Amino acid sequence: MLVLSFIREHQDRVIAGLKTRNYPDEELAIVDRIIALDDQRKATQKQLDDLLAEGKQLSKQIGALYKSGQRAEGDQLKAKVAEAKAASGQLQEQLQSVKAELEQTLLALPNVAHPSVPAGNTDEDNEVYQDWTEAFPELPASALPHWELAKKYQIFDLELGTKLTGSGFPLYRGKGAKLQRALINFFLDEAHAAGYEEIIPPHLVNADSARGTGQLPDKEGQMYHVTLDELYLIPTAEVPITNMYRGDILAEGDFPIKLCGYTPCFRREAGSYGAHVRGLNRVHQFDKVEIVQIEHPDRSYDTLQAMLQHVEGLLQKLELPYRILRLCGGDLGHTSALTFDFEVYSLAQKRWLEVSSVSNFETYQSNRMKLRYRGADKKTHLAHTLNGSALALARIMASLLENHQTPEGIRIPAALQAYTRFELLN
RNA sequence: GGAGGAGUGGCAGAGCUGGUUGAAUGCACCGGUCUUGAAAACCGGCGUGCGAGAAAUCGUACCGGGGGUUCGAAUCCCUCCUCCUCCGCCA
């Protein structure tokens, strides 16, 4: 959610940001509508406050009159208060409905795209920011996609997952389960070495948390919803971890707050079927280590760079060829100002797989969750929030299997061997 | 799951037989006096949001959340949430 005063002062930037996101001209009026609603809100608030002040004064007078035994005079004043009360009740309703509409409109307004965000509509328009292809493997013509390798080496079983739960819930077994666990520990240790505190958060969150990071209302249908208890299964550790600071006022010295956490992630992924989602390419439950930072606004873009480097280091140690994309306006998430996606090339599938998304949300999330800090000026300001996958397991597993396959089995990269305790998965 | 108790400012803790209490007091914190410096002592300040104002400041809302009673509620009523104690169940 954008800050109202920012929208008022920088309408041009807000509109430019919408254009980067390919908003049609007729929808740009949303900015004017928001300002009009806010004007209305302010005027109503003023009227209401004045009326309440009047009623409050009268009530005090009545109290004083009663105390001094002038009951009759006090009772006379009651009629006047009743009038003011009726009027204020109406205003209160007005105010509430204006606020509700304003809130709803404001939620519909996406974050202002960073100036570096390229124009474009689809993922085809994303800009290749950087790539690392040293690790491109030479694969024999007989190279198999990961779902075939999984069968060959008993790494994971999708049919069993379907039997137990439904499609898209993989079951890992044997060395596959060990590899999964090794990757999680490797990622956590790397994050720890980079100064991130490890968190094990709850895997279900309440609606306030889901709203804080922007899953509600924007992505309501994408989360699993436990209606009996009004809870949501987390789609990413970003949700509980960032919300740890919801409503807090930090000191400037608290920055940077660096947190990481492993959790399973649950996503309904409604409506996505077909060849491109085979195997582990898109599943309803996958494991991920997430890194989250809460930063001073002056430093958040440096921090974003540092997070990119961290993720790069992981992929290099796993010896996987990757590229970094700067998402274009059309592909940029609603809440993000700037996002870099990491994709790993899978030779066996002959396609890039998204394995990480690193974003700066600036104040968009912190405004929703009222995450502030006290500046040198003693006033409160919104902090910046950032997060990134470091890394998402299912697709890393897929590309690891495919890119490191040999006739003898799957070669485990050196950095990972200390965790798997085996060099070859066969 | 059952019975009882409780949720007040950064913390501790009054108020809870309704009336100028945004809220005593202590601690913490910030500024000042004193001091070579520090401590102590003393003086002053010290919540958040919204609105009005150039500003000083003023208005308004907030004492777990929501609703109600009343001219007026931190104080009374309803409801939900959370915590504590006891009982039950249990990895």
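Bear in mind the structure is a predicted one, so any value in this text is a computation, not a measurement.

(A) The pairing of strand S10 (residues 285-295), seen in detail. Within S10, ten of the eleven residues are buried, leaving the element largely enclosed by the surrounding structure. Pairing of strand S9 (residues 257-266) with S10 involves ten bridges; the strand directions are antiparallel. By the bridge assignment, Cys265 is partnered in S10 with Phe286. The pairing of S10 with strand S16 (residues 384-392) spans seven bridges and is classified as antiparallel.

(B) Structural detail: the domain arrangement of chain A. The assigned domain composition of chain A is domain 1 (4-108) and domain 2 (123-425). Here the C-alpha centre of domain 2 lies 42 Å away from the C-alpha centre of domain 1. In this complex, domain 1 contributes six residues to the contact, which on the side of domain 2 involves nine residues. Note on domain 1 versus domain 2: buried area summed over both sides is about 560 Å², and carbon and sulfur give 46% of it. Taken as a group, Thr20, Arg21 and Leu107 account for 79% of the area that domain 1 buries against domain 2, more than any other trio of residues on that side. One can count zero salt bridges joining domain 1 with domain 2. Connecting domain 1 to domain 2 are four residue pairs in polar contact (both at pLDDT 80 or more). Across the side of domain 1 that touches domain 2, the residue classes tally to three nonpolar, two polar and one charged.

What counts and what doesn't
For every chain, the first residue of the written sequence is number 1, and numbering continues from 1 onward in sequence order. Just so you know, chain letters begin at A and ligand numbers begin at 1, following the order they were written in. Under the rules for a predicted model, residues below a pLDDT of 70 receive no local features and side-chain atom pairs below 80 are neither given nor counted, while totals for whole chains, interfaces and linings still include all residues. Side-chain descriptors were evaluated using all non-hydrogen atoms of the structure, hydrogens and water having been removed beforehand. In this scheme, a residue with accessible area under 20% of its type's maximum is buried, one over 50% is exposed, and one in between is partly exposed, where area comes from a 1.4 Å probe on protein chains only. Counting from the N terminus, the helices are the DSSP runs of H or I reaching at least four residues and the strands are the DSSP runs of E reaching at least two. A pair of strands is considered paired only if DSSP assigns at least 2 bridges between the two. Note: domain ranges come from an automatic or database domain assignment. Any two residues whose heavy atoms approach within 4.5 Å are treated as being in contact. Two parts placed together each lose some accessible area under a 1.4 Å probe, and the buried area is that loss summed for both. The term salt bridge refers to a pairing of a side-chain nitrogen on Lys or Arg with a carboxyl oxygen on Asp or Glu at a separation within 4 Å. Each polar contact in these results corresponds to two N or O atoms within 3.5 Å; when the atoms are within protein, one needs to be able to donate a hydrogen and the other to accept it, and residues that are neighboring in sequence are counted only if both atoms are side-chain atoms. Three classes are used: nonpolar for Ala, Val, Leu, Ile, Met, Phe, Trp, Tyr, Cys and Pro, charged for Asp, Glu, Lys and Arg, and polar for all others, with Gly counted as polar.

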